[in-house]
Amino acid sequence: MTSTLFRNARIFTPLQSDRPLAGPEQGRVHVVPRGALLCTNGLIAAVGPEEEVLRKALRGELDLEVDCRGACMIPGFVDPHTHICFAARREREFALRLAGKSYLEILQEGGGILSSVEAVRSASEEELYRFTLKNVLSALRHGTTTMEIKSGYGLSTEAELKMLTVIDRIARETPLDVAATFMGGHAVPREYKDNPEAFVDLLVNEMIPAAARQGIARFCDVFCEQGVFSVTQSRRILQAARTAGFRLRIHADEVHDLGGAGLAAELGTVSAEHLLAANEANLKAMAASGVIADVLPATAYSLKKPYAPVRRMIELGVPVALATDCNPGSSFTESVPFVFGLGVLAMDMTVEEALTATTLNAAWSVEMHHRVGSLEEGKQADFLLLDGESPAILAYHAGVSSVMEVYKKGVRVA
Ligand code: NIG
Ligand code: FE
């Protein structure tokens, strides 16, 4: 048994409830001005006011004591939406977008996601792993201790399974907890351009069952968007995935209001992601069926689109999580601090709401809320020390990361 006591910290954490935090609950954060956290075998044995934790610590044996010197301590970030497994950047495409070409135009012309597909298909498993690892370790340095990672740049059975194998290796060979998502329905690959329905057949009849047999992915996601997969096709894909045992998520109403948010509510998916263009009626339906909104402000920033209506979502009682959407096209950032800052300054979230969105609600979004997402007894000792008095520093000190130290299961990892 190893025990470490972290003392003299200003602790800020949302508190676990029986559901993700929504409405006024989203902004309810517990603060301990002079707190301590006792970690035993990677788990939180006690956390709270320093004197109380010390009393408990003195009863057992302590291996190490760390003075946090008044630093702000928050839960490790959970990033619930990434496409961080890719094999090449797309800097030329970024230049095209700056020159006025739209994201969907680039995809329709065979670039965008499809150029990432070419890169992933031609990369060896080892090359893909190394490229991915670099960005994942950077995310860890920015405070991400749990991450969702999607496949979706393979778009053939073989290449999708290769991506999931790499994602599994990231899970086993880095300190992060990883939730793997099968996203064979990310785009229609070139070879099915003239017959997209046949690709949906392939997804339903071959790819989804193969990913289920492989046993790495827990979730299945689909890009429901004009010119990609319609609501009808997305429904078919997600229903097949549910039958195969997957938990569901959906890229909904990212560019056009196609009704993806409504489909999320209808199917009771765990989350609906993006939602830049989602309409009010469908947001209400999401609130009613408890679907979490994974909001990705770095994508709106990079695509120069209006931000998702987060204030309205919170008013309607939709639980909000924030994510990077890290990918080489629409959002090349692995930084949760950046996304946190956009949440507060571009979308008018309170600091407390953004903290819940990047920790506990994000943990619910990947269904790991029993283990991570808040600093409470029995959970993993995954936490960050910030260079500031409160989590507001993440928005206030712009363009840099205020994450000084990163701990996973009580061990310093960055
Ligand atoms: O979430 N919308 C679809 N997928 C990603 C972008 C992927 C890419 O451009 O490579 C997104 O924005
Ligand atoms: Fe995405």
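Predicted, not measured: the structure shown is a model, and the values here were computed from it. (Residues numbered from 1 in each chain as written. Chains lettered and ligands numbered in written order. Predicted model: local features only at pLDDT ≥ 70, side-chain atom pairs only at ≥ 80, totals over all residues. Heavy atoms only, no water.)

Side note on the domain arrangement of the protein chain
Where interface size is quoted, it is often the accessible area lost as the parts come together.
At step 1: In terms of domains, the protein chain is made up of domain 1 (3-75 + 374-412) and domain 2 (78-365).
At step 2: Each partner contributes residues to the interface: domain 1 has 32 residues there, and domain 2 has 31 residues.
At step 3: Buried surface at the junction of domain 1 and domain 2, summed over both partners, amounts to about 2300 Å²; 70% is from carbon and sulfur atoms.
At step 4: Where domain 1 meets domain 2, there are 1 salt bridge.
At step 5: Between Lys-408 and Asp-177 there is a salt bridge whose closest N-O contact spans 2.7 Å.
At step 6: At the boundary of domain 1 and domain 2, one finds 10 residue pairs in polar contact (both at pLDDT 80 or more).
At step 7: Within the residue set of the side of domain 1 that touches domain 2, elements represented by two or more residues are strand S1 (3-14), strand S5 (72-75), helix H16 (393-396) and strand S15 (403-408).
At step 8: Considering every element that reaches the side of domain 1 that touches domain 2, the biggest residue donor is S15, with 4 residues. (Domains from an automatic or database assignment. Contact = heavy atoms within 4.5 Å. Buried area = accessible area lost by both parts, 1.4 Å probe. Salt bridge = Lys/Arg side-chain N within 4 Å of Asp/Glu carboxyl O. Polar contact = N/O pair within 3.5 Å; in protein donor to acceptor, adjacent residues only side chain to side chain. Helix = DSSP H or I, 4+ residues; strand = E, 2+ residues; numbered from the N terminus.)

Section: the site of ligand 1
At step 1: With respect to spatial proximity, 15 residues lie near ligand 1, and among them Tyr-103, Tyr-153, Glu-254, His-274 and Ser-330 are the closest.
At step 2: Here an oxygen atom of ligand 1 sits 3.5 Å away from a polar atom, N or O, in the side chain of Asn-327.
At step 3: Relative to its unbound accessible surface of 320 Å², ligand 1 loses 100% to contact with the protein.
At step 4: Counting atoms within 2 Å of the grid points, the majority share of ligand 1 lands in the largest cavity. (Near = heavy atom within 4 Å. Areas by Shrake-Rupley, 256 points an atom, 1.4 Å probe, with all protein chains shown as cover. 1 Å grid on protein atoms, 1.4 Å probe; cavity = no way out; pocket = protein on both sides within 12 Å on 5 of 7 lines; lining within 4 Å. Sits in = over half its atoms within 2 Å of the grid points.)

Details of the packing of aromatic side chains
What characterises a pair of aromatic rings is the spacing of the ring centres plus the angle enclosed by the ring planes.
At step 1: Scanning the model with the defined rule gives 9 aromatic pairs in all.
At step 2: Ring centres 5.1 Å apart and planes at 70° place the aromatic pair Phe-6 and Tyr-407 in the edge-to-face group. On the criterion of sequence distance, the pair formed by Phe-6 in strand S1 and Tyr-407 in strand S15 is long-range, its members being 401 residues apart.
At step 3: The exposure class of Phe-6 is buried, given its relative accessible area of 1%. (Phe/Tyr/Trp six-rings, centres within 6.5 Å; stacked < 30°, edge-to-face > 60°. Buried < 20%, exposed > 50% of the residue type's maximum accessible area, 1.4 Å probe, protein only.)

Remarks on unusual backbone geometry
At step 1: The phi dihedral of Leu-275 falls on the positive side, at around 65°, and the residue is not glycine.
At step 2: Its place among the elements puts Leu-275 in the loop between strand S11 (271-274) and helix H10 (280-289).
At step 3: A residue is classified by how much of its surface remains accessible, and Leu-275, at 0% relative accessible area, is buried.
At step 4: Non-glycine residue Lys-409 carries a positive phi angle of around 50°.
At step 5: Within the element layout of this structure, Lys-409 appears in the loop between S15 and strand S16 (411-412).

Regarding the environment of Lys-134
At step 1: Mapped onto the elements of the fold, Lys-134 is located in helix H5 (residues 125-141).
At step 2: Since its relative accessible area comes to 54%, Lys-134 is described here as exposed.
At step 3: Sequence separation of Lys-134 and Ile-84 is 50 residues, and the distance between their C-alpha atoms is 9.8 Å.

Points about the environment of Cys-72
At step 1: Along the chain, the position of Cys-72 falls in strand S5.
At step 2: A relative accessible area of 0% means that Cys-72 is categorised as buried.
At step 3: Once the C-alpha coordinates of Cys-72 and Gly-48 are considered, the two residues, 24 residues apart in sequence, prove to be 13 Å apart.
At step 4: With residues up to four places along the chain from it excluded, the contact list for Cys-72 reads Arg-10, Phe-12, Leu-384, Leu-385, Leu-386, Gly-388, Glu-389, Ser-390 and Pro-391.

Details of the sheet that holds strand S9 (residues 219-224)
At step 1: Within the open sheet, the 8 strands sit side by side as S6-S7-S8-S9-S10-S11-S12-S13. Their pairing is parallel. Strands at the two margins of the open sheet, each flanked by one partner only, are strand S6 (77-79) and strand S13 (320-322). Looking at each pair of strands side by side, their axes are set apart by 25° on average, direction ignored.
At step 2: When strand S7 (residues 144-150) meets strand S8 (residues 177-185), the two strands line up parallel, connected through 5 bridges. (Pairing = 2+ DSSP bridges. Axes fitted to C-alpha atoms, helices over the stretch in contact; angles between N-to-C directions.)

Regarding empty space enclosed by the protein
At step 1: Applying the stated criterion across every chain, the model contains 1 cavity of 30 Å³ or more.
At step 2: Computed from the structure, the largest cavity encloses a volume of approximately 70 Å³.
At step 3: Around the largest cavity sit 13 residues that line it, and His-83, Tyr-103, His-186, Asn-327 and Ser-330 are the ones nearest its centre.
At step 4: Counted by class, the lining of the largest cavity contains 4 nonpolar, 6 polar and 3 charged residues. (Points joined across faces, edges and corners; volume = space filled by probe spheres on them. Nonpolar A, V, L, I, M, F, W, Y, C, P; charged D, E, K, R; others polar.)

Description of helix H8 (residues 231-243)
At step 1: In a regular helix each residue adds 1.5 Å, so 13 residues correspond to 18 Å; H8 covers 18 Å between its end C-alpha atoms and thus fits that length.
At step 2: Buried within H8 we find Val-231, Gln-233, Ser-234, Ile-237, Leu-238, Ala-240 and Ala-241.
At step 3: Buried residues along H8 sit in contact with helix H7 (196-214), S9, strand S10 (247-252) and helix H9 (260-267). (Expected span 1.5 Å × (residues − 1).)

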